[in-house]
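As a plain string of letters, each chain reads:
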Amino acid sequence: MYPMETTNIKQFIVYLMLSDYFSAQVALVTANRVKMPKINQNELSNIFVVLPPIEEQFSISDYLQKKCKLIDQSMEKRQVIIDKLVDYKKILIYEAVTGKREVK
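Residues numbered from 1 in each chain as written. Predicted model: local features only at pLDDT ≥ 70, side-chain atom pairs only at ≥ 80, totals over all residues. Heavy atoms only, no water.

A. Seen up close, the side chain of Thr 30. With respect to the helices and strands, Thr 30 occurs in the loop between helix H2 (20-29) and helix H3 (41-45). Judged by its relative accessible area of 7%, Thr 30 is buried. Ignoring sequence-local partners within four residues, the contact set of Thr 30 consists of Lys 38, Ile 39 and Glu 43. (Helix = DSSP H or I, 4+ residues; strand = E, 2+ residues; numbered from the N terminus. Buried < 20%, exposed > 50% of the residue type's maximum accessible area, 1.4 Å probe, protein only. Contact = heavy atoms within 4.5 Å.)

Structure, rendered in C-alpha coordinates:
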(Lines give C-alpha, C1' and ligand atoms only; values in the text may rest on other atoms or scores of the structure.)
Protein backbone atom coordinates (compact mmCIF):
# COMPACT_ATOMS: atom_id res chain seq x y z
CA MET A 1 0.00 0.00 0.00
CA TYR A 2 1.21 3.44 -0.86
CA PRO A 3 -0.17 6.66 0.58
CA MET A 4 -1.96 8.67 -2.05
CA GLU A 5 -3.10 12.24 -2.05
CA THR A 6 -6.01 13.18 -4.21
CA THR A 7 -8.54 15.91 -4.74
CA ASN A 8 -10.93 13.29 -6.11
CA ILE A 9 -13.58 11.36 -4.21
CA LYS A 10 -11.60 8.77 -2.24
CA GLN A 11 -14.30 6.10 -2.38
CA PHE A 12 -14.45 6.50 -6.17
CA ILE A 13 -10.68 5.94 -6.34
CA VAL A 14 -11.07 2.79 -4.23
CA TYR A 15 -13.76 1.45 -6.56
CA LEU A 16 -11.61 2.37 -9.55
CA MET A 17 -8.63 0.49 -8.12
CA LEU A 18 -10.82 -2.56 -7.48
CA SER A 19 -12.13 -2.56 -11.04
CA ASP A 20 -11.20 -5.00 -13.80
CA TYR A 21 -10.06 -2.03 -15.89
CA PHE A 22 -7.50 -0.96 -13.30
CA SER A 23 -6.35 -4.56 -12.77
CA ALA A 24 -5.80 -4.87 -16.52
CA GLN A 25 -3.73 -1.67 -16.48
CA VAL A 26 -1.64 -3.02 -13.61
CA ALA A 27 -1.15 -6.29 -15.51
CA LEU A 28 0.15 -4.36 -18.51
CA VAL A 29 2.58 -2.33 -16.43
CA THR A 30 3.79 -5.34 -14.42
CA ALA A 31 3.86 -7.86 -17.28
CA ASN A 32 7.54 -8.57 -16.66
CA ARG A 33 6.86 -9.92 -13.14
CA VAL A 34 7.42 -13.64 -12.90
CA LYS A 35 5.58 -14.87 -9.80
CA MET A 36 4.05 -12.37 -7.42
CA PRO A 37 1.91 -9.69 -9.03
CA LYS A 38 2.74 -6.46 -7.27
CA ILE A 39 3.27 -2.91 -8.34
CA ASN A 40 5.83 -0.41 -7.16
CA GLN A 41 5.33 3.35 -6.93
CA ASN A 42 7.11 4.01 -10.21
CA GLU A 43 4.92 1.51 -12.06
CA LEU A 44 1.83 2.88 -10.34
CA SER A 45 2.67 6.35 -11.61
CA ASN A 46 2.69 4.96 -15.18
CA ILE A 47 -0.97 3.95 -15.03
CA PHE A 48 -3.29 6.42 -16.69
CA VAL A 49 -6.97 6.59 -15.93
CA VAL A 50 -9.68 8.95 -17.00
CA LEU A 51 -11.51 10.53 -14.10
CA PRO A 52 -14.97 12.01 -14.46
CA PRO A 53 -15.85 15.34 -12.84
CA ILE A 54 -16.11 15.35 -9.03
CA GLU A 55 -19.94 15.46 -9.08
CA GLU A 56 -20.04 12.37 -11.27
CA GLN A 57 -17.45 10.60 -9.11
CA PHE A 58 -19.63 11.25 -6.10
CA SER A 59 -22.73 10.04 -7.92
CA ILE A 60 -21.00 6.85 -9.11
CA SER A 61 -19.47 6.04 -5.72
CA ASP A 62 -22.79 6.71 -3.97
CA TYR A 63 -24.59 4.40 -6.42
CA LEU A 64 -21.97 1.67 -5.95
CA GLN A 65 -22.09 1.98 -2.16
CA LYS A 66 -25.86 1.52 -2.18
CA LYS A 67 -25.70 -1.46 -4.55
CA CYS A 68 -22.85 -3.08 -2.58
CA LYS A 69 -24.83 -2.65 0.63
CA LEU A 70 -27.84 -4.40 -0.93
CA ILE A 71 -25.63 -7.22 -2.18
CA ASP A 72 -23.98 -7.60 1.23
CA GLN A 73 -27.39 -7.72 2.93
CA SER A 74 -28.61 -10.32 0.46
CA MET A 75 -25.49 -12.41 1.02
CA GLU A 76 -25.97 -12.21 4.80
CA LYS A 77 -29.57 -13.42 4.47
CA ARG A 78 -28.50 -16.27 2.23
CA GLN A 79 -25.73 -17.22 4.66
CA VAL A 80 -28.27 -17.46 7.49
CA ILE A 81 -30.33 -19.84 5.34
CA ILE A 82 -27.23 -21.88 4.45
CA ASP A 83 -26.23 -22.11 8.11
CA LYS A 84 -29.72 -23.34 9.04
CA LEU A 85 -29.62 -25.95 6.27
CA VAL A 86 -26.19 -27.16 7.40
CA ASP A 87 -27.50 -27.50 10.95
CA TYR A 88 -30.56 -29.38 9.67
CA LYS A 89 -28.30 -31.69 7.66
CA LYS A 90 -26.22 -32.47 10.77
CA ILE A 91 -29.35 -33.18 12.81
CA LEU A 92 -30.74 -35.39 10.06
CA ILE A 93 -27.51 -37.38 9.81
CA TYR A 94 -27.32 -37.71 13.60
CA GLU A 95 -30.91 -38.94 13.81
CA ALA A 96 -30.39 -41.42 10.97
CA VAL A 97 -27.17 -42.79 12.47
CA THR A 98 -28.58 -43.12 15.99
CA GLY A 99 -31.80 -44.74 14.78
CA LYS A 100 -34.03 -41.88 15.83
CA ARG A 101 -35.17 -41.44 12.25
CA GLU A 102 -36.20 -44.33 10.04
CA VAL A 103 -34.42 -44.37 6.68
CA LYS A 104 -36.32 -45.88 3.76
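Past the structure itself, the notes keep going.
B. Geometry of the packing of helix H1 (residues 10-18) against helix H4 (residues 54-98). Close contact between H1 and H4 brings their axes to 8 Å; oriented N to C, the two are set at 65°. In terms of axis orientation, H1 runs roughly perpendicular to H4. Where H1 crosses over H4, the two elements pack in a sense that is left-handed. Between H1 and H4, the residues in contact are Gln 11, Phe 12 and Tyr 15 and Gln 57, Ile 60, Ser 61, Leu 64, Gln 65 and Cys 68, respectively. (Axes fitted to C-alpha atoms, helices over the stretch in contact; angles between N-to-C directions. Parallel < 35°, antiparallel > 145°, perpendicular 65-115°, else oblique. Left-handed = near helix turned anticlockwise from the far one by under 90°.)

C. Summary view of the confidence of the model for the protein. Here the protein shows a mean pLDDT of 89. Residues at 70 or above account for 94%. Per-element confidence in the protein is highest for H4, whose mean pLDDT is 96, and lowest for H3, whose mean pLDDT is 83. (pLDDT = per-residue confidence, 0-100.)

D. How the structure looks around the pattern of salt bridges. In total, this model carries 2 salt bridges according to the counting rule given. The shortest N-O distance in the salt bridge between Arg 101 and Glu 95 comes to 3.0 Å. A relative accessible area of 22% means that Glu 95 is categorised as partly exposed. (Salt bridge = Lys/Arg side-chain N within 4 Å of Asp/Glu carboxyl O.)

E. Structural context of the side chain of Gln 57. As for its placement among the helices and strands, Gln 57 is situated in helix H4. Since its relative accessible area comes to 1%, Gln 57 is described here as buried. From its side chain, Gln 57 meets the backbone nitrogen of Ile 9 in a polar contact 3.0 Å long. Beyond its immediate sequence surroundings of up to four residues, Gln 57 is in contact with Asn 8, Ile 9, Phe 12, Leu 51 and Pro 52. (Polar contact = N/O pair within 3.5 Å; in protein donor to acceptor, adjacent residues only side chain to side chain.)

F. Quick peek at the environment of Lys 38. Within the secondary structure layout, Lys 38 lies in the loop between H2 and H3. Exposure remark for Lys 38: the relative accessible area of 49% places this residue in the partly exposed category. Between the C-alpha atoms of Lys 38 and Phe 12, which are 26 residues apart in sequence, the distance is 22 Å.

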